[in-house]
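Survey of secondary and tertiary structure
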Amino acid sequence: MKYTFEKGKKSTVKINIDLTAKEWKEAIELAYNKTKGRYSVPGFRKGKVPQKVLESVYGQGVFYEEAINQAFPKYYTEILEKEPTIDAVASPDLDIKKISEKGISMIAIVAVKPEVVLGAYKGINYKKNVYTVKDEEVDADIKRLQERNSRLVDVTDRAVENGDSVVIDYSGSVDGVKFDGGTAEKQTLVIGSKTFIPGFEDQVIGMNIGEERDINVKFPEEYHAENLKGKDAVFAIKLHEIKKTELPELNDEFIKEAVGVESLEAYKVQTREKLEKQNADKAERELEDEIIKKITETTDVEIPDAMIENQIDRMVQEMEYRLSYQGLKLADYLKYIGKSMEDFRKDYTEQATEYVKSQLVIEEIIEREEIKATDEEVEKRVEMMAAAQGKPVPDVKKNMNARQLDYIKNDIIIKKFFDLLKEANTIE
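Report on the accompanying structure. Every residue gets a number counted from 1 within its own chain, in the order that chain's sequence is written. Note on the predicted model: pLDDT of at least 70 is required for a residue's local features to be given, and 80 or more for side-chain atom pairs to be given and counted; whole-chain, interface and lining totals, by contrast, use all residues. Calculation of side-chain values draws on the structure's entire complement of heavy atoms; hydrogens and water are dropped beforehand.

**A look at the nonpolar core**
For the record, the criterion: Put simply, a nonpolar core is a bunch of buried Ala, Val, Leu, Ile, Met, Phe, Trp, Tyr and Cys residues held in one set by side-chain atoms that sit within 4.5 Å of each other. Exposure classes here rest on a 1.4 Å probe applied to the protein chains alone. A residue is buried below 20% of its type maximum, exposed above 50%, and partly exposed in between. Strands here are runs of E lasting at least two residues and helices are runs of H or I lasting at least four, both read from the DSSP assignment and numbered beginning at the N terminus. Should any heavy atoms of two residues lie within 4.5 Å, those residues are considered in contact.
By size, the foremost hydrophobic cluster in this structure holds 42 residues, and its most contacted members are Ile295 and Phe417. Looking at this core, the elements with two or more residues in it are α7 (264–297), α8 (305–325), α9 (330–337), α11 (349–368), α12 (375–389) and α14 (402–424). Other than its neighbours up to four places away in sequence, Phe417 contacts Ile292, Ile362, Ile365, Ile366 and Ile371. With 29 residues, the next largest nonpolar core counts Val49, Leu54, Tyr75 and Ala108 among its residues.

Structure representation (C-alpha cells):
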C-alpha cells in the first residue's frame, strides 16, 4: 500500500490510498469467500461456484464493493496508527478514483480534531450570582412534602370545585357524529390540571354527583388530530364521584413520621440548609458556564461539519430516549409538532456547535495546563464511593469497569480544570 495525505478544507485531511494488484487481489478473494453463498449458477451447488466462474457470469467487478469493505478499514486503520497527527473525529468519506483487477486508488476525506487558537483564559473578571433562601421557599418545600403525603377523600355534600379529582363518563361528537378517542367511562380527571381540551374542565365545575351535562368546547388549531383541528365539539358528561385532596396536619408528629426528623422546627432548619446548598451549587454552575462562554467567545476554531453532525446525533438520541420514558416515539412526536427530521435536526445546529466548541476549548486548556488525575486521587474517590455504599473498597473495585474508571478520572480532571480557572481569574 502507498499513501499520501494533505490538509484539506475546514479541519479535514485528504488521504490518497493506492493498493497494489496483490493487495487488491487478496481483498477480492476475501470478498468472494464472504459472499459466494449468495450466488447461484446452474451446474454448481450454491456456495461452491468458483470465483472465476462467478466473475464471468456476473461481471469482473462483482466482488469489488465487498472487497472495498474488506480492504479500506484495514489499510485506513494502519495509516492512522502510523500517522498520529491525523486525529480523526468521525468516519471518513470515501471516493474511488480508479479500480480494476490491477489495483485500486481511493481518496478518504477525514474530519480531524481542529486546531484551537485560545483566547484569554486568565486574568479576567467574573461576577458570581448570590442567591438567598427566603422563608416562602422553605414553606413551599414543606408544603410539597405535605402534598406528597396527602390523600384523596370522597366528597358527597357539594358540587365540583377547582382542584377536585372527579370520575366521569364522557362522549364527544362533532356535528352530531362521534369521533375516535372521544368516549370513555369512569375516567379520572383533576379539575384545573389542564389535561383536557381548553374549557372542558371549567365547565365540569359546579356539577353534582349523578348529574349529566352537555358542554361545548373548541379543539385548538394546533391539535394533533387533523380531523379535529379548530372544530367545535359537544361532550355529554355524567359525573360519578368527587374527591378532594386532604393534606396531613403540619406538626412535629407528621414530620417525624414522614422524614424521621424530631420536630417541625428542626426540619425547617434542615430544609433551609438543603436549599442553600442547592443555591450555592446553582451559582457555581452558572459561574462555570460563564467562564467557558467568555473563553469560547474569544477562541478561534474551525469545527468540521462531521463533529457538529455527530453532536446533533447524540442530542436527537437523548430526545428519543426521554420521549420513550413518556411512551412516545420520536416519529410520532415530530408528526404532532409538524416538523420533519431535517428541520428538527436544524433546530439543534446552534446548540450543538456551541457545545462542540466549548468541549474543544476545555480539552485544549487541559492539555496546555497538563491537568491530570493521579492514581492516588482516583483511589481516594473509589474509597469515598465505597464508604457511601457501605461496601469494602475491594468489592467496589471488582465491580468497576474501564468506562466507570474513565468517568472518575474525567470528573477529577474537570474539577481541577475549573479550580485552576477560578484561581487564575477574579471572581466578584
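**Side note on the sheet that holds strand β3 (residues 93–100)**
For the record, the criterion: Only when DSSP finds a minimum of two bridges between them are two strands counted as paired. Only the contacting stretch of a helix is used when fitting its axis, a line to C-alpha atoms as for every element, and angles between N-to-C directions run 0 to 180 degrees.
Read across the open sheet, the four strands follow the order β1-β2-β4-β3; overall the sheet is antiparallel. Lying at the two open borders of the sheet, with one neighbouring strand each, are β1 (2–7) and β3. The sheet shows a mean angle of 15 degrees between the axes of neighbouring strands, taken without regard to direction. Across seven bridges, the pairing between β3 and strand β4 (residues 103–111) is antiparallel. What sits directly across from Asp93, in β4, is Ile109.

**Considerations on the environment of Lys113**
Stated precisely, the cut-off is as follows: Pairs of N or O atoms are called polar contacts if they sit within 3.5 Å, as long as, within protein, a hydrogen donor faces a hydrogen acceptor (for residues adjacent in sequence, only side-chain-to-side-chain pairs).
Its location among the elements puts Lys113 in the loop between β4 and β5 (116–117). Classification of Lys113 as partly exposed rests on a relative accessible area of 29%. Setting aside its immediate chain neighbours within four residues, Lys113 contacts Asp87, Val89, Leu360 and Glu363. At 2.9 Å, the side chain of Lys113 and the side chain of Glu363 are in polar contact.

**A word on the packing of α8 against α11**
Rules: Working rule for angles: under 35 degrees goes down as roughly parallel, over 145 as roughly antiparallel, 65 to 115 as roughly perpendicular, anything else as oblique. Here a crossing is taken to be left-handed if its near helix is turned anticlockwise relative to the far helix by less than a right angle, and right-handed if that turn runs clockwise. Side-chain classes are defined by residue name, with Ala, Val, Leu, Ile, Met, Phe, Trp, Tyr, Cys and Pro counting as nonpolar, Asp, Glu, Lys and Arg as charged, and the others, Gly among them, as polar.
At a closest axis distance of 9 Å, the pairing of α8 and α11 adopts a crossing angle of 115 degrees. Classified by the angle between their axes, α8 and α11 sit roughly perpendicular to one another. Viewed along their axes, α8 and α11 form a crossing whose handedness is right-handed. From α8, Met307, Ile308, Gln311, Ile312 and Met315 reach across to α11, where they touch Thr349, Gln351, Ala352, Thr353, Tyr355, Val356 and Leu360. Class assignment of the residues belonging to the contact of α8 with α11 gives a composition of eight nonpolar, four polar and no charged.

**Let's talk about the environment of Asp281**
Mapped onto the fold, Asp281 is located in helix α7. Of the polar contacts made by the side chain of Asp281, one reaches the side chain of Lys277; its length is 2.7 Å.

**Focus on the packing of α7 against α11**
The interhelical angle for the contact between α7 and α11, taken along N-to-C directions, is 90 degrees, at an axis separation of 10 Å. With respect to α11, the axis of α7 lies roughly perpendicular. Within the contact between the two elements, α7 uses Ile292, Ile295 and Thr296 and α11 uses Lys357, Ser358, Val361, Ile362 and Ile365. Of the residues in the contact of α7 with α11, the class split is five nonpolar, two polar and one charged.

**A few points about the side chain of Lys422**
Here Lys422 lies in helix α14. Given a relative accessible area of 19%, Lys422 falls into the buried group. Side chain to side chain, Lys422 and Glu284 meet in a polar contact 2.6 Å long. Setting aside residues up to four positions removed in sequence, Lys422 forms contacts with Glu284, Leu287, Glu288, Ile291 and Ile427.

**Structural notes on helix α1 (residues 21–35)**
Rules: Every helix has an expected span of 1.5 Å times one less than the residues it contains.
Taking 1.5 Å per residue as the helical rise, α1 with its 15 residues ought to reach 21 Å, and the 21 Å between its terminal C-alpha atoms agrees with that figure. On its buried face, α1 is in contact with β2 (12–19), α2 (51–58), α3 (64–82), β3 and β4.

**Quick notes on the environment of Ile17**
Along the chain, Ile17 turns up in strand β2. Taking the C-alpha atoms as reference points, Ile17 and Glu262, 245 residues apart in sequence, are found 75 Å from one another.

**Looking at a nonpolar patch on the surface**
Under the convention used in this document: The patches reported here contain residues having more than 30% relative accessible area and no salt bridge. Joining distances are 9 Å for like charges and 5 Å for nonpolar side chains (Val, Leu, Ile, Met, Phe, Trp, Tyr). For accessible areas, the Shrake-Rupley method is used with a probe of radius 1.4 Å. Any residue's cover is judged against the shown protein chains and nothing else. The working definition used for a salt bridge is a side-chain nitrogen of Lys or Arg within 4 Å of a carboxyl oxygen of Asp or Glu.
Together, Leu94, Ile96 and Ile99 make up an exposed nonpolar region whose accessible area comes to about 200 Å². With respect to the helices, strands and loops of the structure, Ile99 is situated in strand β3.

**Details of the pattern of salt bridges**
In a structure, side chains of opposite charge can pair up when their charged atoms sit close to one another. Counted by the stated rule, this structure contains 31 salt bridges. Here Lys229 and Glu226 are joined by a salt bridge, their closest N and O atoms 3.3 Å apart. Residues joined by salt bridges that share partners form a network here, namely Lys128, Glu284, Glu288 and Lys422.

**Details of the packing of aromatic side chains**
Selection criterion: For this analysis, a ring pair means two rings from Phe, Tyr or Trp (six-membered ring only for Trp) whose centres lie within 6.5 Å, classed as stacked if their planes differ by under 30 degrees, edge-to-face if by over 60, and tilted for the remaining angles. The criterion for a charge sitting over a ring is simple: Lys NZ or Arg CZ within 6 Å of the ring centre, and within 35 degrees of the ring normal.
In total, this model carries 17 aromatic pairs according to the counting rule given. Summarising the aromatic geometry, the rings of Tyr39 and Tyr58 are spaced 4.9 Å apart at their centres and angled 55 degrees between planes, so their arrangement reads as tilted. Residue Tyr39 is located in the loop between α1 and α2, and its partner Tyr58 is located in helix α2; the two are separated by 19 residues in the primary sequence. By relative accessible area, which is 41% here, Tyr58 ends up partly exposed. For the pair Phe200 and Phe235, a centre-to-centre distance of 5.2 Å together with 80 degrees between the ring planes defines the contact as edge-to-face. Of this pair, Phe200 sits in helix α5 (residues 200–204) while Phe235 sits in strand β11 (residues 232–246), placing them 35 residues apart in sequence. Taken together, Tyr170, Phe179, Phe196, Phe200, Phe219, Tyr223 and Phe235 form an aromatic cluster joined through their ring pairs. Here the guanidinium or amino end of Lys282 rests over the ring plane of Tyr131, the centre of that ring lying 4.4 Å away. Taking NZ or CZ as reference, Lys294 lies 5.1 Å from the ring centre of Tyr126, over its face.

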